[in-house]
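Okay, here's what each chain looks like letter by letter:
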Amino acid sequence: MPSAAIFLSYASQDADAARRICEALRAAGLEVWFDQSELRGGDAWDASIRKQIKECALFVPIITPNTQAREEGYFRLEWKLAVDRSHLMADNKAFFFPVILGDVAEPAALVPDKFRERQWSRLNDGAATTMFAERISKLLAGSASPGRNVLEASPVLVSSLSTSPSAQNETPSIAVLAFANRSASADDEYFSDGLADELLNVLAKIKGLRVIARTSSFAFKGKSDDIATIGAKLNVATLLEGSVRKSGNRVRISVQLVKVADSAHLWSETYDRTLDDIFAVQDDIAQAVVRQLRATLLGETPSSATEVANEVAKEIAHASRARSDAPEAQRLIMQARFYMNKRRPDDLRRGIELCEQAIAIDPEHANAHATIALAWQYSAFYSSTETPDGTAVLAQLAKARTAAEHALRLDPTQALPHTTLSWIACVRDQDRVTGMREAVMAQQLAPDDAEVLRTLGHRLMEAGQFTESEAVLSRAVKQDPLSIQLRITHSTSALWMGQPQVSLDRIRDALAIDEASWIAHTHLSRALTELGDFPGAVEAFAHSRTLRGEHEAAAYFRQHFAANGWAGYLAAVIAAPHFGVSRLQIARAEVELGRIDDAFETLNTIVDHHDQFTNWLNQDPGLKPLHGDPRYVQLLKRAGFT
């Protein structure tokens, strides 16, 4: 037979799994070399395999616990032959597509170093395998040509993307609501919030438990929604709610675990402790919750209650290991997060100060360094102290990188620093390969974390891997259904795919959660623009300025549109960077008005100043008219996309 396009390499114990991958690829219309079906009597087996490896278009090594367990095997010779061939290829050629099946950690995989130059795919379910086949099909058809773009040439699929209703219903699920502050001082609100947040983070690390992200579970703070309403909005079976009363060095914590279906109290407890003992209480609560969930929702009937209690205690201890041994340092981090979550410049500065105090108390506290790294990242993206040449952003991101790298030296198992490093690589360094790699590493460490998934989803969107980004972001929305930022990212994904109506529907879902979100109205304006609803687009953008308290700006844009129509509005956008208009918005307006030279000058300024909108340059639909211009190719090269 003629040489096949794809060579599957696998250990003999994995033949059935390899056959399923082969069938998925063939169902997509692809040629596959699969030795069990292609070798015939009389063939020189070794010579045939060597020939196929020499001539195949793609080499797919299947990495499993079986390959890990075997230091010798014919598949290792296949791997060596493929690596030897790759030395004759250009660096930008996509040839290896490593696939992981089962419980194998990429950093510990026994594979040639050449395999690590590509993003790996985990195909632990049929949906992921189908997406993998579709991606390979597009690549070989030329619609996803590798060129010099490693990101486009390297599909990234995630092992935990199965989100079928049945799978969701079978998984024990919980939301930790913000604990009520019953203390005499409102200043102690950070403590009640922080305690619930810490508990949520611990529970989120327990395998087999679906925990709703903080953004969504804290959305009901101060509201009067009943148990059934909250449970339905968050799609969970149980809720953990509580209250905290702090007086001096004494704390009373009351908690209760409630079943959504009938509002029955599954478990409740009150703890009277000192501040020095507060985190032991947190562990006690976590252990009680996990034990109760196992018994109630999983129907476990352990042979020994003591045995299960010990097992749960070990899980909680492992999940809590990032916590500082110094209670005061941990309290300061709780307080820092309280301010950081507000995203306002003054609050971010306060959060950084509190992190610095925590680090002074406990310099080896990895989580403190990870938190201050995130604070510096937020400061770079949300601060209003930007300098004209972009040096303020560069300085803040440099501090974020130093802190994130320090955090990982102290604790390599943390996911959060990898997300920070992913954004830094893309914005500060214009290094898309490193940005993708950091996002994938974060997802491997925290596969269900909504912010980790959002970061990975954004990297995939930027690379044009929309099948994969949609799967990742859909999973993230299930984990954090009330997150405005996440739904905005999901809406942007649809817009970049050329689906403005889907984008509009998604942004309206975001506004149904929070009608007062100015940034959601800004994205609503983009979707309406792509749909040709110019009056609606102008009104949405003007309203976003009103929500920011910029009433003069809102009137300015409305007046220019009323006087001179859409062209007048676009000219007003170009003339009004002082009204909170981004450089990307200005560039889009310049493109629409045919001011192409001006648009390229603006876009190059975005790259020069390491503007976060650098990440949008490869896919933004407003820039499509530039795609045939050689200057656009050069722009993408400068931004690290090619």
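Calculation rules
- Residues numbered from 1 in each chain as written.
- Predicted model: local features only at pLDDT ≥ 70, side-chain atom pairs only at ≥ 80, totals over all residues.
- Heavy atoms only, no water.
- Buried < 20%, exposed > 50% of the residue type's maximum accessible area, 1.4 Å probe, protein only.
- Helix = DSSP H or I, 4+ residues; strand = E, 2+ residues; numbered from the N terminus.
- Pairing = 2+ DSSP bridges.
- Contact = heavy atoms within 4.5 Å.
- Axes fitted to C-alpha atoms, helices over the stretch in contact; angles between N-to-C directions.
- Parallel < 35°, antiparallel > 145°, perpendicular 65-115°, else oblique.
- Left-handed = near helix turned anticlockwise from the far one by under 90°.
- Nonpolar A, V, L, I, M, F, W, Y, C, P; charged D, E, K, R; others polar.

Student: Could you give me a rundown of the pairing of strand β3 (residues 58–63), with the residues and numbers involved?
Tutor: Counting buried positions over the six residues of β3 gives six, a clear majority of the element. Here strand β1 (residues 6–9) runs beside β3; their pairing, made up of four bridges, is parallel. Opposite Phe7, over in β3, you have Phe59 as the bridge partner. With two bridges connecting them, β3 and strand β4 (residues 99–100) associate as parallel partners.

Student: Can you explain the environment of Phe7? Please cite residues and give values.
Tutor: Within the secondary structure, Phe7 is located in strand β1. It is 8.0 Å that separates the C-alpha atoms of Phe7 and Ala57, two residues lying 50 residues apart in sequence. For Phe7, the residues in contact, after removing those within four places along its chain, are Trp33, Ile49, Gln52, Ile53, Cys56, Leu58, Phe59, Val60 and Glu78.

Student: For the packing of helix α18 (residues 416–427) against helix α19 (residues 432–445), give the residues involved together with the corresponding values.
Tutor: Interaxial distance between α18 and α19 falls to 8 Å at its minimum, and their mutual angle equals 165°. The orientation of α18 with respect to α19, classified from their angle, is roughly antiparallel. The handedness of the crossing between α18 and α19 comes out as left-handed. Taking contact as the criterion, the partners of His418, Thr419, Leu421, Ser422, Ala425 and Cys426 in α18 are, on α19, Arg432, Thr434, Gly435, Glu438, Ala439, Met441, Ala442 and Leu445. Among the residues making up the contact of α18 with α19, the classes are represented as seven nonpolar, five polar and two charged.

Student: Now, about unusual backbone geometry: what can you tell me, with residues and values included?
Tutor: Its identity as a non-glycine residue notwithstanding, Asn235 has a phi of 55°, on the positive side. For Asn235, the location among the structural elements is in the loop between α11 (227–234) and β9 (238–247).

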